[in-house]
Amino acid sequence: GQPMSESKARHLALSHADLRGVEVRTQIVHSKFDQALFGEHPCSPSLGGVSSTEMWERLHQEANVPFASGTHWHSRFGHLVTYGAGYYGYLYAQTFAADIWRSALVSSM
């Protein structure tokens, strides 16, 4: 194939930021949901709280993240089982990586 033009490469790089806000809000929803399931006060109808499905929908609405009502996507979210109230660590890792990138790498380019 032919090398990508500089203008197309720049456009591609900029397009990655187009939906970054939604991506971050979605990660926040996942982190809050993880805390709601496995945190200090887990949501559970048997404990007087709401169901996981109700919590999932509420967190999406609070964060203004699209939600498909009537679905149970969260029941197939395997990371929740292995993170055990620590899913927010993913966002921390992104924050640290971005800081390192800006402070150490971007300035040398």
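Residues numbered from 1 in each chain as written. Predicted model: local features only at pLDDT ≥ 70, side-chain atom pairs only at ≥ 80, totals over all residues. Heavy atoms only, no water.

**Student:** So what exactly am I meant to see when it comes to the overall build of the chain here?
**Tutor:** The helix and strand inventory of the chain stands at five helices and zero strands. Listing each helix as α and each strand as β along the chain from the N terminus yields α-α-α-α-α. Radius of gyration (C-alpha) of the chain: 18 Å, far over the 13 Å computed for a compact globule of 109 residues. Along the first, second and third principal axes, the C-alpha set of the chain runs to 60 × 30 × 25 Å. Every one of the 109 residues in the chain was classed for burial, and the buried ones make up 22%. Taken as a whole, the chain presents about 8000 Å² of accessible surface, with 59% of it coming from carbon and sulfur. Computed over 8 positive and 9 negative side-chain charges, the separation of the two mean positions in the chain equals 8 Å. (Helix = DSSP H or I, 4+ residues; strand = E, 2+ residues; numbered from the N terminus. Rg over C-alpha atoms; globule rule 2.2 N^0.38 Å. Buried < 20%, exposed > 50% of the residue type's maximum accessible area, 1.4 Å probe, protein only. Areas by Shrake-Rupley, 256 points an atom, 1.4 Å probe, with all protein chains shown as cover. Lys, Arg positive; Asp, Glu negative; His and termini not counted. Charge placed at Lys NZ, Arg CZ, Asp CG, Glu CD.)

**Student:** Just checking my understanding: could you explain helix H2 (residues 20-38) for this structure?
**Tutor:** Think of an α-helix as turning once every 3.6 residues; residues three or four places apart then point the same way. Taking 1.5 Å per residue as the helical rise, H2 with its 19 residues ought to reach 27 Å, and the 27 Å between its terminal C-alpha atoms agrees with that figure. What H2 keeps buried is the set Thr26, Gln27, Val29, His30, Ser31, Phe33, Asp34 and Ala36. (Expected span 1.5 Å × (residues − 1).)

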